[in-house]
Amino acid sequence: MATSRPTHSFKTACEQCPLRPLPNFREFTGDELGFISKFKKGELAADSGATILVEGAHSAHLFTVLSGWGFRYKTLEDGRRQILNYVMPGDLIGLQGTIMGEMQHSVEALSPVSLCVFERDKLMTLYNKHASLAFDITWIAAQEERMLDEHLLSIGRRTALERAAYLIAFLYQRGKQLKLFNGHSAIPITQQHIADTLGLSIVHTNKTLKKLAARNLIRWQERACEVLDGDALTKVAGWEGLDNKVRPFL
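**Q** Looking at this structure, I do not really get the overall build of the protein chain. What am I missing?
**A** Along the protein chain, the regular secondary structure elements total eight helices and twelve strands. Considered along the principal axes of its C-alpha atoms, the protein chain spans approximately 55 × 40 × 35 Å. Here the protein chain holds 250 residues, and the buried ones make up 50% of them. Put simply, of all contacts in the protein chain between residues at least 6 apart along the chain, 74% involve residues at least 24 apart. Entry remark: accessible area of the protein chain is about 12600 Å², with carbon and sulfur atoms responsible for 53%. Averaging the coordinates of the 30 positive side-chain charges in the protein chain and doing the same for the 27 negative ones gives two points 3 Å apart.

What follows is the structure in structure tokens.
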């Protein structure tokens, strides 16, 4: 059974954070790094398939994804699921529960995930004493809104083929920026994940993905989608692709 478990003994020092050398993350000042080191409570490890946060729950913590892949989702009473977005290293999760009192969505791990754990109660200290970090949190929230706008446009106006191409290209480009691929560009998602993201039946999703595979743009592995031609996927989607602007993280 998939689980989440604390791993305080394996705490990664903020000074040695593996995300800091990546060119798409901004540098911390000395004061910022010192505060973040104290703000961080420990680390959490989640197995693939583990529920990290549950809709309706009250969480005392915020999390930054340190490694691995996950997704945010909501469910209807009959169990039907809508995947809202995907989380990757550098993404902040749990902020919604901090601001609104309880989580409005759930978060599940797609692969083994490690997370930095921050105490929610110390968030006001960050806002009061570190304006630059407070701006970073605002930027992260605005960026999430921007991505959701693009996802909603895709679901509402793109064809099924364009939707599938956009989603896979989006995940591929994010994974590439974060250096998540080792040799093969395999995204740890199933066709059911794609169906639940795009609002399509699993049958329609399967037929659509076969068309992309027939063009040699993707190849399906067991519980993974390998991208063979990311540029062509972007063109099929009619999407400009991600920018390379430097972004913040906690």
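Next comes the rest of the write-up.
**Q** Before we go on, may I ask you to explain empty space enclosed by the protein in this structure?
**A** Empty pockets left among the atoms are what a rolling probe the size of a water molecule brings to light. Summed over the entire model, instances satisfying the criterion amount to one cavity of 30 Å³ or more. Approximately 110 Å³ is the volume found for the largest cavity. Around the largest cavity sit 16 residues that line it, and C14, C17, C116, F249 and L250 are the ones nearest its centre. Counting residues per element, the ones that place at least two in the lining of the largest cavity are α1 (30-39), β4 (61-67) and β9 (113-119).

**Q** For this particular structure, what's the right way to read a positive patch on the surface?
**A** A surface patch of positive charge is lined by K207, K210, K211 and R215. Tracing the sequence through the fold places K207 in helix α7 (residues 202-214).

Analysis parameters
Residues numbered from 1 in each chain as written. Predicted model: local features only at pLDDT ≥ 70, side-chain atom pairs only at ≥ 80, totals over all residues. Heavy atoms only, no water. Helix = DSSP H or I, 4+ residues; strand = E, 2+ residues; numbered from the N terminus. Buried < 20%, exposed > 50% of the residue type's maximum accessible area, 1.4 Å probe, protein only. Contact = heavy atoms within 4.5 Å. Areas by Shrake-Rupley, 256 points an atom, 1.4 Å probe, with all protein chains shown as cover. Lys, Arg positive; Asp, Glu negative; His and termini not counted. Charge placed at Lys NZ, Arg CZ, Asp CG, Glu CD. 1 Å grid on protein atoms, 1.4 Å probe; cavity = no way out; pocket = protein on both sides within 12 Å on 5 of 7 lines; lining within 4 Å. Points joined across faces, edges and corners; volume = space filled by probe spheres on them. Patch = residues over 30% accessible without salt bridge, like charges linked within 9 Å, V, L, I, M, F, W, Y side chains within 5 Å. Salt bridge = Lys/Arg side-chain N within 4 Å of Asp/Glu carboxyl O.

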